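Each chain, letter by letter, is given below.
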Amino acid sequence: GYSGVVVSGQKLVYLDDSSGQETAHCLDAGTGRELWSQPFAEQYADEFEPGPRCTPLIDGQRIYVQSCFGEFACLSLNDGKKQWGFHFRDYGMFWVKDRSGGPGAANRRGNSGSAAIAGDSIFIQIGSTNGASIAAFDKMSGKLLWKSQDDLTSYASLMTGTLGGRAQAIAVTCEGLLGLDTTTGEALWRTPFKTGANRNVLTPILDGNSVLFASYTTGLRRVTLEADGSHVRATQAWLNPALKINLSTPVLVGRHLYGHGPDKDFVCVDASTGTVQWRQSGFNQYASTVASGSRLLVLNDTGEVILLEASPARYTELGRFQACGKTFSHPAYAHGVLYTRDSRELAAWPLQTSAR
């Protein structure tokens, strides 16, 4: 599967396909020793490969997992036992066999995004056109708090934050970018746009009172939010139609975005203007980027890790090594260790400065 790795304290959680079921595994992050494993959903497979695609979310002593076919569950971090759960079809979500066209991306290819938490609520993109595109639940009990909108689901993950003076859940659906009040589910603003094949992938990036988002059809944009009475006014600050980023969410370091670009390159973009500061070729179809201080760890889809300086002045490479085989799974970096996975194995790489 394409699910990413997550680490909390000394515990590491990942999802895979084990014995025909989507399964959560918890390991000791220091040794790799498995602490428990828990199947939670039926298998999903297509021509790209089987396995889960949604990265799990850890909050305190709970893990939230989401399957390709809409099984959502809260598990105990201690032993993997199910605390609560539901299925997307309970709210009217449906799936189709024709993967070449039709409704939203998730209806055809399964879910790839992750939920988001703010306070005592967890926000989940269900994708039902029966008024349950996005829903909020009590993160402890699973009680439904509200459901909202009729948008089809894309592949993107949700984000939460306070923008324009309002606490919001920010979503990228098949219909565009929008923000919902975290307490009521009311739509505060919306920036509509359509993409080819009803497919959006990147996670929205929050920057002060602005949201940055890129689509492979429309390009990279910045939307600024301002209080407007009981609602929020959304204004497009800029749009760079040439930055048609397809699969990989950039990271924001200072006032610049760094990440995989539209043409198998790596780019640095001024987040205030949308201007490309520099670009570097040789990064294949996909690359995950992790920021730590003024450094970037980039995992190419070939499994090669590249250490870069996060500087708008120029592309500066500081080192590289082969970490794994071909991969589309986002790595994790915690306690000075980089965790990578491919379709065969999970590995921990301690990163330290070499003596010269």
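Residues numbered from 1 in each chain as written. Predicted model: local features only at pLDDT ≥ 70, side-chain atom pairs only at ≥ 80, totals over all residues. Heavy atoms only, no water.

Visitor: Account for the nonpolar core, with residues named and values stated.
Guide: Leu177, Trp189, Val211, Leu220, Leu225 and Leu257 are the most contacted members of the largest nonpolar core, which has 28 residues in total. When contributions to this core are tallied by element, the ones reaching two or more residues are β14 (166-172), β16 (187-192), β18 (210-215), β19 (219-228), β20 (231-240) and β23 (265-270). It is β18 that contributes the most residues to this core, four residues altogether. Beyond its immediate sequence surroundings of up to four residues, Leu257 is in contact with Ile205, Leu212, Leu220, Pro250, Val251, Leu252, Val267, Cys268, Val269 and Ala271. By size, the runner-up hydrophobic cluster in this structure holds 16 residues, among which are Trp84, Phe88, Ile124 and Ile126. (Core = buried A, V, L, I, M, F, W, Y, C linked by side-chain atoms within 4.5 Å. Buried < 20%, exposed > 50% of the residue type's maximum accessible area, 1.4 Å probe, protein only. Helix = DSSP H or I, 4+ residues; strand = E, 2+ residues; numbered from the N terminus. Contact = heavy atoms within 4.5 Å.)

Visitor: Describe the sheet that holds strand β3 (residues 21-28), naming the residues involved and giving the relevant values.
Guide: Strand order in the open sheet formed by four strands is β1-β2-β3-β4, and the pairing between neighbours is antiparallel. Either end of the sheet is taken by a strand with one partner, and the two such strands are β1 (6-8) and β4 (34-42). Adjacent strand axes in the sheet meet at a mean angle of 25°, parallel and antiparallel pairs treated alike. Across three bridges, β1 lies against strand β2 (residues 11-18) in antiparallel orientation. The residue bridging Ser8 from the neighbouring strand is Lys11, located in β2. (Pairing = 2+ DSSP bridges. Axes fitted to C-alpha atoms, helices over the stretch in contact; angles between N-to-C directions.)

Visitor: How would you sum up the pattern of salt bridges? Please name residues and give values.
Guide: Here the structure, examined in full by the defined rule, presents 13 salt bridges. Between Arg190 and Asp151 there is a salt bridge, with the nearest N and O atoms lying 2.8 Å from each other. Taken together, the residues span a long stretch of sequence, with Arg190 in strand β16 and Asp151 in the loop between β12 (144-148) and β13 (159-163) at a distance of 39 residues. When its relative accessible area of 32% is taken as the criterion, Arg190 is described as partly exposed. Shared partners join several salt bridges into a network, and the residues in it are Asp59, Arg62 and Lys139. (Salt bridge = Lys/Arg side-chain N within 4 Å of Asp/Glu carboxyl O.)

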